[in-house]
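# Survey of secondary and tertiary structure
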Amino acid sequence: MKIIGITGGVGSGKSVVLSILKDEFSASVYEADKLVHVLMKKGEPLYFEYVDLFGKEILDKDEEIDHKKVATAIFNDPGLLIKLNKIVHPAVKVKILDLIEEERKNDTELFVIEAALLIQDGYKDICDEIWFIHVPHEIRIERLMSSRGYSYEKCKSILENQPASDFYYKGSDRVIENDGKCEDLVNKIGNILHKY
């Protein structure tokens, strides 16, 4: 089984790459953010960690974690985010390792994991290759303005708070340029996978 990690900044089109890998090349695709939401459900491991950290005030009427209440708590106390990351990232990694073992047993050929902090969290030890999805700044801003309705200034601010491209270049095994048409991207990915 080939394990590929997908990373890149916001607006780079990681979700498009994941869709291509899943739909065109039958990859088993997992996104770290979505796994966090699963692990936060009542009775799951992160649920209790969240309640310990934030208190029961973050629960809704069904005693599930209310994401807006968590976001408000973090906004009011940025130090909580550091504590939260120390809880969340290791739990997600354990879950991913479990999923890798499950997929191996199912004879999966291509396992793909996407995470914004793939390089920072040491996924190089887990992945056969890390792909950096690269798009020039201006195109990323255009995409964010179009898809999320953000102002130019807000997009610029978001991008300035993310790692520079050089960081991704150094930490990745392969760079996928995603500044063209979707068909071009399918062909690029197909050519890489064909070599495997």
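Data block above holds the structure.
Summary of the structure given here. (Residues numbered from 1 in each chain as written. Predicted model: local features only at pLDDT ≥ 70, side-chain atom pairs only at ≥ 80, totals over all residues. Heavy atoms only, no water.)

### Structural notes on the overall build of the protein
Helix and strand counts for the protein come out as nine helices and five strands. Scanning the protein from its N terminus toward the C terminus, one meets helices and strands in the order β-α-β-α-α-α-α-β-β-α-α-α-β-α. Here the C-alpha atoms of the protein give a radius of gyration of 18 Å, agreeing with the 16 Å that 2.2 N^0.38 yields for 196 residues. Expressed as a percentage of the 196 residues in the protein, the buried residues total 39%. Summarising the internal contacts of the protein: among those between residues at least 6 apart in sequence, 70% fall at separations of at least 24. Element-wise, carbon and sulfur atoms account for 50% of the exposed surface of the protein, whose accessible area totals about 11,400 Å². Put simply, the protein has 27 plus and 35 minus side-chain charges, and the middle of one group is 2 Å from the middle of the other. (Helix = DSSP H or I, 4+ residues; strand = E, 2+ residues; numbered from the N terminus. Rg over C-alpha atoms; globule rule 2.2 N^0.38 Å. Buried < 20%, exposed > 50% of the residue type's maximum accessible area, 1.4 Å probe, protein only. Contact = heavy atoms within 4.5 Å. Areas by Shrake-Rupley, 256 points an atom, 1.4 Å probe, with all protein chains shown as cover. Lys, Arg positive; Asp, Glu negative; His and termini not counted. Charge placed at Lys NZ, Arg CZ, Asp CG, Glu CD.)

### A word on the environment of Lys93
Along the chain, the position of Lys93 falls in helix α5 (residues 79-105). By relative accessible area, which is 24% here, Lys93 ends up partly exposed. Between the C-alpha atoms of Lys93 and Asp184, which are 91 residues apart in sequence, the distance is 32 Å. Aside from chain neighbours lying at most four places away, what touches Lys93 is Asp121, Gly122, Tyr123 and Ile126.

### Overview of helix α1 (residues 14-25)
Taking 1.5 Å of rise per residue, twelve residues should cover 16 Å, and α1 covers 16 Å from first to last C-alpha, within 8% of that figure. At its buried positions, α1 is contacted by β1 (2-7), β2 (28-31), β3 (110-114), β4 (129-134) and α9 (182-195). Ser26 sits one or two residues past α1 and shows a positive phi near 55 degrees. (Expected span 1.5 Å × (residues − 1).)

### Some points on the pairing of β4
Here β4 lies mainly inside the structure; six of its six residues are buried. Side chains Glu129, Trp131 and Ile133 of β4 all project onto a buried face; the interleaved residues Ile130, Phe132 and His134 project onto the opposite face, where all are buried too. Pairing of β1 with β4 involves four bridges; the strand directions are parallel. When the bridges of β4 are listed, Thr7 appears paired with Phe132. Here four bridges tie β4 to strand β5 (residues 174-177), and the two strands are oriented parallel to one another. Bridge pairing links Ile133 to Ile176 in β5. (Pairing = 2+ DSSP bridges.)

### Looking at the pattern of salt bridges
Summed over the entire model, instances satisfying the criterion amount to seven salt bridges. Residue Glu101 is joined to Arg104 by a salt bridge in which the shortest nitrogen-to-oxygen separation is 3.2 Å. With Glu101 and Arg104 both in helix α5 and three residues apart, the pair spans about one turn of that helix. (Salt bridge = Lys/Arg side-chain N within 4 Å of Asp/Glu carboxyl O.)

### With respect to helix α2 (residues 32-39)
Within α2 the residues assigned to the buried category are Ala32, Leu35, Val36 and Leu39. The buried residues of α2 occupy an angular sector of 105 degrees when the element is viewed end-on, so they sit on one face. Those residues of α2 that are exposed and aimed more than 90 degrees away from the buried face are Asp33 and Lys34. The elements touched by buried residues of α2 are β2, α3 (45-54), α5 and β3. (Arc of directions from axis to C-beta.)

### Observations regarding the packing of aromatic side chains
On inspection of all chains with the given rule, the structure shows six aromatic pairs. With a centroid separation of 5.4 Å and 85 degrees between ring planes, the pair formed by Tyr47 and Phe48 is classed as edge-to-face. Look at Phe48 and you get partly exposed, because its relative accessible area is 47%. Cluster of aromatic residues (ring-pair linked, three or more members): Phe132, Phe167, Tyr168 and Tyr169. A cation over an aromatic ring shows up here: Lys93 above the ring of Tyr123, its NZ or CZ 5.2 Å from the ring centre. Here the basic side chain of Lys154 rests over the ring of Tyr150, its NZ or CZ set 4.3 Å away from the ring centre. (Phe/Tyr/Trp six-rings, centres within 6.5 Å; stacked < 30°, edge-to-face > 60°. Lys NZ or Arg CZ within 6 Å of the ring centre and 35° of its normal.)

Any link to function would need more than the numbers given here.
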